Amino acid sequence: MTPDEPAAGDGAAVPAPAAPIHLRPARVPDVPTIVPLLLRLKRLNEEFDPLLKVRDDAEAQAAQVLRQQIADPKAVVLAAEGIGPDIGKVVGFVRAVVRERPFYAPEYEGVILDIYLLPLYRRRGVGEFLLREVSDALKAKGAGIVTAEFPAQNEIAGRFYAKRGFRPITEIHARSL
Amino acid sequence: MSESTAAPAAPPRAGRRKPGTPAAAARRREDATDRLGRLAVELSRFYGGKIETVPKVPVRSLHDFSLWYSPGVAAVSRALHQDPDLSFELTGRWNTVAIVTDGSRVLGLGDIGPVAALPVMEGKALLFKFLGGVNAVPVPIRVASPDQLMSTVEAMAPAFGGINLEDIASPKCFGILEELSKRLEIPVWHDDQLGTAAATVAGLLNALALTHRTVRECRTVLLGAGAANLATARLLLALGHDPHRLSLVDREGILHAERDDVDELMLRNPWKYRLALKTNGGGRAGDLAAAVDGADVLVAASTPTPGAVRPEHVRAMAREPIVFALANPDPEIWPEAARAAGAAIVATGRSDFPNQVNNSLVFPAVFRGVLDARARSIPDEIVLAAARELAHGAERRGLTAHHLLPTMEEPEVFPEVAAAVGDAAVRLGIARHRLSHDEFLERATTLMGRSARLVRALARAGLTSPMPRASATRRRGA
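In this numbering scheme, every chain counts its residues from 1 along its sequence in written order. Key to labels: chains lettered from A, ligands numbered from 1, both in the order written. Owing to the predicted nature of the model, reporting of local features is limited to residues with pLDDT of at least 70; listing and counting of side-chain atom pairs is limited to 80 or more, with chain, interface and lining totals taken over all residues.

Observations concerning the pairing of strand S5 (residues 145-148) of chain A
All names here are of chain A.
Then, number 1: In this sheet, S5 lies alongside strand S4 (residues 108-117) in parallel orientation, the contact comprising four bridges. Note that in S5 the partner of Glu109 across the bridge is Ile145.
Then, number 2: Once the chain exits S4 it traverses helix H3 (residues 126-140) before rejoining the sheet at S5, and the crossover so formed is right-handed. Note on pairing: DSSP must find at least two bridges between two strands before they are called paired. In this text, helices come from DSSP runs of H or I with a minimum length of four residues, and strands from runs of E with a minimum of two, each type numbered from the N-terminal end. Consider the strands pointing away from the viewer: the crossover is right-handed when the path from the first strand over the helix to the second runs clockwise.

Now the structure itself:
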């Protein structure tokens, strides 16, 4: 059983997405349209592990976090606008932060926290494009490496990043208290 | 719909049903089902099962066993060791299939496990033999996972010329069928998907022809997104149905690319996910009512929920709507109600109404065809060839709104379907036996006709007991 990959094009050297989207930094007015996408992603994560259960107030939290990070110079939030009938509609987003690594070199790490694309924009190289753009933005903010966080059981995400040269460097193991 | 069996056990036919209120009719149907159930238990006890193995060679004396068994048989084994493909000529493998189930979705009974599935698989084996001349072995297996099921089937494949998967829950049935078809060099079929879908498509082709429409231009709604309808959707698309004019509806409403559960589907049911992305152009959202508005065709193959399709749904459809209500035993809408609401053509899964969409019209002939062609697999082109020939079969006796599909009493159609399947296998280059159409037809006619003769001969010789009278078995049971 091989479910579709969320955002993966096939070639590693695709210069631009096959399904053109318009990618730009997210603005505060985008928050209400990004929140449902962020919640979709978190609810998907919930499928993988009960310890990733989405909180009842997640919607309000999402709006607050997004507003903060849009203003935060250490964060990158990109909005992907659709084309054609979807013109002007946010069909995907990326959220990442720059984190300090006090004991390791390079000193700064760009952490991709969320990449989400509506299903119709998947498998057309858009995810690849989003990954490259966010990596560039993180690098511009001083990150020497880029990392991605996703549920350990999410093999689709694992394959997506592995194909693009990512490997696991830290594992987070959890149990309830 | 494996619950739909051959006609002989059918309750009284439509024409002879007494008039009455719908509630009274429903009660009568329930009573009839209960009566049949009691009788089936008694007869199962009386006969101790439904099938047995029978020698196919003469045994003149015990000396003959030096040919049929040791030492003579060693030479046969040596030959097969040299060339395993000879197993299709020197053993009964060419005509033997396994009916494999894990018992995870048996009829409408749900996950009742492999042992409880056995009587159903025995019945299926009887149908295989009686209708298709195929030796089918019931193999309900206790397995913990799809992987274990697949490796078990793989391990037993050397004994069989084909595999019929039966009553395996959706969505795991899709992955199992896909993967086993890849791993095995013999045909693999999942009747709950392909048998029902092929019969549905055959009926639809004729229903569309009768109402002067084509697959390419019609708008279709499929209610229920389980094994049968997902396969039906795939076949319709393969026939050129416009994906934008096809909508699937399940418990959550119209399936579409931005539905809340679509990411979950990507993980749990990629087959349904792919259809969510492809179908429902124009972005309809909502429930069945929103989907059927202006539709030409409604195919309901859902978990039986009486009243799932209501007269107003039918009224909202396009001119001369086509309604297939296939849930068993109770269709999503009763034919009289659908017709009263304007349906031009109605089909169900039941033998006591006209137009029974019945997988027994399909699987015996498909297996006859692929076994005779020694096909390596059963691609969708073969399923479609069977559906088309089945549609032609109904046409030959005259196509009407009440005769969309051949009935089980038109056995002359089945060898034709088998031959069409054989031809398709040759055309696709997956036949090891490249027979001509006439050869396929003759072979199928002989082998399919032989079973009925065999059953009659066994009865005449007193080797199968006559059916005890219903009243007698009831008394004994009381």
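Some remarks on the sheet that holds strand S4 (residues 188-190) of chain B
Residue and element names in this part refer to chain B.
Then, number 1: Reading across the sheet, the four strands line up as S2-S1-S3-S4 and stay open at both edges, with parallel pairing between neighbours. Looking at the sheet topology across the chains shown, the edges are occupied by strand S2 (135-140) and S4. The sheet shows a mean angle of 20° between the axes of neighbouring strands, direction not considered.
Then, number 2: One ladder, built from four bridges, connects strand S1 (residues 96-101) with strand S3 (residues 162-165); its direction is parallel. Its bridge partner being in S3, Ala98 is matched across the sheet by Ile163.
Then, number 3: Whether two residues are in contact is decided by their C-beta atoms, placed from the backbone, lying within 7 Å. In this description, a line fitted to the C-alpha atoms serves as the axis of each element, helices being fitted only across the stretch in contact, and the angle between N-to-C directions of two axes falls anywhere from 0 to 180 degrees. Docked against the sheet, helix H7 (residues 172-183) engages S3 and S4, running at close to 170° with respect to S4.
Then, number 4: The sheet contacts of helix H8 (residues 191-210) involve S3 and S4, and relative to S4 the element is tilted by about 75°.

Observations regarding the nonpolar core
Then, number 1: Formed by 128 residues in total, the largest nonpolar core has its most connected members in B:Leu298, B:Ala300, B:Ala386, B:Leu390 and B:Val421.
Then, number 2: Looking at this core, the element that brings in the most residues is H8(B), giving ten residues.
Then, number 3: The residues touching B:Leu298, leaving out its near neighbours within four places in the chain, are B:Val221, B:Leu223, B:Val292, B:Val309, B:Met317, B:Pro321, B:Val323 and B:Phe324.
Then, number 4: Formed by 38 residues, the second largest nonpolar core is a distinct cluster that contains A:Ala79, A:Val91, A:Ile112 and A:Leu118. Any nonpolar core is a set of buried residues, restricted to Ala, Val, Leu, Ile, Met, Phe, Trp, Tyr and Cys, that join up through C-beta atoms within 7 Å. The burial criterion counts other C-beta atoms lying within 10 Å of a residue's C-beta, which is placed from the backbone; the residue is buried at 20 or more, exposed at 12 or fewer, and partly exposed between these limits.

As for the interface of chain B and chain A
Then, number 1: Each partner contributes to the interface: chain B provides eleven residues, whereas chain A provides nine residues.
Then, number 2: Mapped onto the side of chain B that touches chain A, the elements with two or more residues apiece are helix H10 (262-268) and helix H11 (270-278) of chain B.
Then, number 3: With five residues, the top contributor of residues to the side of chain B that touches chain A is H10(B).
Then, number 4: Grouping the constituent residues of the side of chain B that touches chain A by class yields seven nonpolar, one polar and three charged. By the convention adopted, Pro, Cys, Tyr, Trp, Phe, Met, Ile, Leu, Val and Ala count as nonpolar, Lys, Arg, Asp and Glu as charged, and the other residues, Gly among them, as polar.

A closer look at the sheet that holds strand S2 (residues 75-81) of chain A
Residue and element names in this part refer to chain A.
Then, number 1: What the five strands build is an open sheet, ordered S1-S2-S3-S4-S5; its pairing is mixed. At either end of the open sheet lies a strand with only one pairing partner, and these are strand S1 (22-25) and S5. Within this sheet the neighbouring strands show an average axis-to-axis angle of 25°, counted without direction.
Then, number 2: The strands that helix H1 (residues 31-46) touches are S2, strand S3 (90-100) and S4; relative to S4, the one it contacts most, it runs at about 95°.
Then, number 3: Across the sheet, H3 touches S1, S2, S3, S4 and S5, and the angle it forms with S4 is around 150°.

Any link to function would need more than the numbers given here.
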